[in-house]
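Here are the chains, one letter per residue:
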Amino acid sequence: MQVTDVRTTPFADQKPGTSGLRKKVPVFQQPHYLENFVQSIFDSVPGLKGATLVLGGDGRYYNLTAIQTILKMAAANGVTQVLVGRDGLLSTPAASCVIRKHRATGGIVLSASPNPAGPTEDFGIKYNTDNGGPAPEKITEAIYARSRAIDHYRIMQADAVPLDRLGEQRLGDMRVVVIDPVADYAELMESLFDFPRIRALFQSGHFRMRFDAMHAITGPYAEEILLRRLGAPTDSLLNATPLEDFGGGHPDPNLTYAHALVDILFGTDAPDFGAASDGDGDRNMILGRNFFVTPSDSLAILAANATLVPGYAQGIAGIARSMPTSQAADRVAAALNLPCYETPTGWKFFGNLLDAGKVTLCGEESFGTGSDHVREKDGLWAVLFWLNLLAVRKQSVAGIVQEHWQRFGRNYYSRHDYEGVDSAAATALIEDLRAQFATLPGRRFGAYTVAYSDDFAYTDPIDASLSTNQGIRIGFTDGSRIVFRLSGTGTEGATLRVYLERYEADTTKQGLDSQTALADLIRIADELAGIARHTGRDRPTVIT
Ligand code: G1P
Ligand code: ZN
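Reading the values: rules and limits
Residues numbered from 1 in each chain as written. Chains lettered and ligands numbered in written order. Predicted model: local features only at pLDDT ≥ 70, side-chain atom pairs only at ≥ 80, totals over all residues. Heavy atoms only, no water. 1 Å grid on protein atoms, 1.4 Å probe; cavity = no way out; pocket = protein on both sides within 12 Å on 5 of 7 lines; lining within 4 Å. Points joined across faces, edges and corners; volume = space filled by probe spheres on them. Helix = DSSP H or I, 4+ residues; strand = E, 2+ residues; numbered from the N terminus. Axes fitted to C-alpha atoms, helices over the stretch in contact; angles between N-to-C directions. Parallel < 35°, antiparallel > 145°, perpendicular 65-115°, else oblique. Left-handed = near helix turned anticlockwise from the far one by under 90°. Contact = heavy atoms within 4.5 Å. Buried < 20%, exposed > 50% of the residue type's maximum accessible area, 1.4 Å probe, protein only. Arc of directions from axis to C-beta.

Concerning the layout of surface pockets
So, point 1. The calculated volume of the second largest pocket comes to roughly 750 Å³.
So, point 2. Taken together, 30 residues form the lining of the second largest pocket, with T18, N469, L486, S487 and G488 sitting closest to its centre.
So, point 3. For the lining of the second largest pocket, the secondary structure elements donating two or more residues are α5 (137-147), α15 (423-435), β25 (481-486) and β26 (494-504).
So, point 4. When residues of the lining of the second largest pocket are assigned to their parent elements, the largest contribution, 4 residues, is made by α15.

Right under this line is the structure:
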């Protein structure tokens, strides 16, 4: 088979964001656009010649087209073997699991996570390294630098490789192995959690759950694990068939976009437990009957109860959370005498801590939780962790959370997103906040006094790399915080995220609705940042 060297010119906009390169599908469909970025990976990641690569995606529109192109380019660039999920499918955590288990050099994961899919919606591509995790900034920067200078790419002239049958095929000298996308992952889950006990919970007849796969990647995973291996009744699963456009939905498991599930859990005769995952299977939302567990609380609760789960029975080494995530996990770490790390937003910052054995559990407020079992956040893992806790503790979800607050206090928490605002206005808002740093400490806003204000910067404790401008923090003397940052995953305009947090130790005051409990801080955030003045918006697009 013939390899062609195709001449090309650089695109200026191939800088990876919080989680890889994400653009609208028509951007990826421009001639040479995908090829340029893929060749930039082959040119800047050392050791891909002769390597084993893992390849798969969340099944969204353009997934299969991109996979065929990447296979031909991998063959032309001297890759020895590609493990690809059947029909081009692999959830993000499963891709991480497969890279680690089969000792691959790396993987290419195709996803735009929770963003809508379809011919005019979003697509994404990212590179994961041999630890199974998203490439660190050093590598993503090198890929970007290469994309600015690229003048040719290599591709094999060949027919499409059939991906619907398991087994081995050849593309030139390269082996293409079509693997079951679920098997390795399901086996890993079975090694971590007490499956017999969870199975008994379902068999008791006193426990009902609903898992909403939102027509995205987790459907087949949930069918194998929840139905087949754990014996949950079939009506436990909703929207389990993956669709190219996710059924027109927005598979982001939060109170706004997973409202169908929320309605069930807050309706009459609600089941005991509800959960949802996102487009590529790495996020999770946890609900009880009439109860929502914030992702920040979920991380803290998993950490406090980890020894009840076989995979973590020996205890955990430490906890890491992204900076905007609430400090609930810090309180657990302090009580258990464990280290707790605060990292910038994005899972790639957890990789070094996990590899070095400094932390076992990590999480983000953005519905991401995970552990050292893989190097991505993991939606179904979090659901299984909760099922394991429910099976052992024999309490309701609300009961477990309220007991946690009694012991550790409650961190009231909310995130307000202003989506699709004008980019220049959003930048001006952040600049205006920075300009106030010198005068803020000591300033009073009602009952709140500013203790510090800064631009979060992080020095990685393992490789000493420095990441600056990771969000604006305004901390108050009572430990409350307001954080402002601009999203790094959006594909249209800018998204302003405002994160609000207040601590309440008094158990008689822990039952408020979080928006009520945070009302003063919400007002202060607008006063400080002039959100309405800058963006012209009088309310957020999404509140979680
Ligand atoms: C968002 C979340 C962040 C998460 C990322 C990828 O990034 O806020 O926590 O790691 O998606 O799933 P952002 O759009 O805020 O840059
Ligand atoms: Zn995702």
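Description of empty space enclosed by the protein
So, point 1. Tallied over the full model, the rule gives 3 cavities of 30 Å³ or more.
So, point 2. Considering only enclosed or pocket space, the largest cavity measures out at about 50 Å³ in volume.
So, point 3. Residue lining of the largest cavity: F292, T294, P295, S296, E365, F367, Y413, S414, R415 and T544, and that is the complete set.
So, point 4. Residue assignment for the lining of the largest cavity shows that the elements contributing at least two residues are α10 (295-305) and β19 (410-421).
So, point 5. When residues in the lining of the largest cavity are grouped by element, the largest group, 3 residues, is from β19.

Here's the deal with the packing of helix α2 (residues 33-44) against α5
So, point 1. Packing of α2 against α5 brings their axes to within 8 Å, and their N-to-C directions diverge by 120 degrees. Taken together, the axes of α2 and α5 lie oblique to each other. Between α2 and α5 lies a crossing of right-handed hand. Across the interface between the two elements, F37, S40, I41, D43 and S44 from α2 touch A142, I143, R146 and S147 from α5.

A few points about unusual backbone geometry
So, point 1. One non-glycine residue, D87, lies in the positive phi region at around 60 degrees.
So, point 2. Positionally, D87 belongs in strand β4 (residues 81-89).
So, point 3. Located in the positive-phi region is F246, a residue other than glycine, with phi close to 55 degrees.
So, point 4. Structurally, F246 can be placed in the loop between β11 (237-238) and α9 (259-265).

Here we look at the environment of G247
So, point 1. Along the polypeptide, G247 turns up in the loop between β11 and α9.
So, point 2. For the pair G247 and I198, spaced 49 residues apart in sequence, the C-alpha to C-alpha distance is 31 Å.

Looking at α5
So, point 1. Taken as a whole, α5 has its buried residues at I139, T140, I143, Y144 and S147. When α5 is viewed along its axis, its buried side chains cluster within an angular range of 140 degrees and face the same direction.
So, point 2. At its buried positions, α5 is contacted by α2 and β6 (122-128).

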